[in-house]
Amino acid sequence: MDIWYGFEERYMQQELLEQLRQITPEEQEILAGKNQVEKSLYTRKREFIIDGKRMLNKGKLIDIRTHTRFIHFPRHSHDYIEIIYMCSGKTTHIINGTEQVTLNMGDLLFLNRHAVHEILPAGEEDIAVNFIVLPEFFDKTFEMMEDENVIRDFIVGSLK
């Protein structure tokens, strides 16, 4: 039974990874020669602050999207909390203009609303997913977290 379960789990992981590897319309434009990120997809503001409401369908408080590959993703911040999970390969982030962080498969990066970062170009096999979490998502979560802990402290600090 354990052998079959292991096979099924690996098959499902591989199938999910294949879906995440698919080239998005934005990535197709980049591969066709577009040499910069289309900021209007992410914000209406003059500053490059990614707008969570543009990234989420109306009424949603959390969503997941793949990271845009093949291009330098310029210095930006968010009006939401971003959690990045590296599914395969690696990505390199420059945080607050000074700290370089490389995520490898299985790594997580938590960024609060005040973090500024940029991402160096990722290749075809460098698959990351971004969890976009609006601050309102945590209203109910706080009610369930009675005791203080590291995750609660991060969330509270991120929302301030």
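Our structure is the block above this text.
Small disclaimer: the values here were computed from a predicted structure and weren't measured.

Peer 1: Got a minute to help me understand a nonpolar patch on the surface in this structure?
Peer 2: Where nonpolar side chains cluster on the molecular surface, the patch consists of Leu61, Ile62 and Phe137 and spans about 200 Å² of accessible area. Residue placement: Ile62 occurs in strand β2 (residues 62–66). Classification of Ile62 by relative accessible area gives partly exposed; the value is 33%.

Peer 1: Whenever I open this one, the layout of surface pockets confuses me. Can you help?
Peer 2: With a probe scaled to a water molecule rolled over the atoms, the places where space remains empty come into view. Within this model, the largest pocket holds a volume of roughly 160 Å³. Lining the largest pocket, in full, are Gln13, Leu16, Leu17, Leu20, Tyr85, Cys87 and Met105. Of all the elements in the fold, those that place two or more residues in the lining of the largest pocket are α1 (2–21) and β4 (81–88). If one sorts the elements of the lining of the largest pocket by residue count, α1 sits on top with four residues. Classifying every residue of the lining of the largest pocket by side-chain character gives six nonpolar, one polar and no charged.

Peer 1: Would you explain unusual backbone geometry in this entry?
Peer 2: Trans is the common state for peptide bonds, and a negative phi is the common state for residues other than glycine. At Phe70, a position not held by glycine, the phi torsion is positive, near 75 degrees. Position of Phe70 relative to the elements: it lies in the loop between β2 and β3 (73–78). Here Asn96, not a glycine, exhibits a phi torsion of approximately 55 degrees, which is positive. Inspection of the secondary structure assignment puts Asn96 in the loop between β5 (90–95) and β6 (99–104).

Scoring rules and cut-offs
- Residues numbered from 1 in each chain as written.
- Predicted model: local features only at pLDDT ≥ 70, side-chain atom pairs only at ≥ 80, totals over all residues.
- Heavy atoms only, no water.
- Patch = residues over 30% accessible without salt bridge, like charges linked within 9 Å, V, L, I, M, F, W, Y side chains within 5 Å.
- Areas by Shrake-Rupley, 256 points an atom, 1.4 Å probe, with all protein chains shown as cover.
- Salt bridge = Lys/Arg side-chain N within 4 Å of Asp/Glu carboxyl O.
- Helix = DSSP H or I, 4+ residues; strand = E, 2+ residues; numbered from the N terminus.
- Buried < 20%, exposed > 50% of the residue type's maximum accessible area, 1.4 Å probe, protein only.
- 1 Å grid on protein atoms, 1.4 Å probe; cavity = no way out; pocket = protein on both sides within 12 Å on 5 of 7 lines; lining within 4 Å.
- Points joined across faces, edges and corners; volume = space filled by probe spheres on them.
- Nonpolar A, V, L, I, M, F, W, Y, C, P; charged D, E, K, R; others polar.

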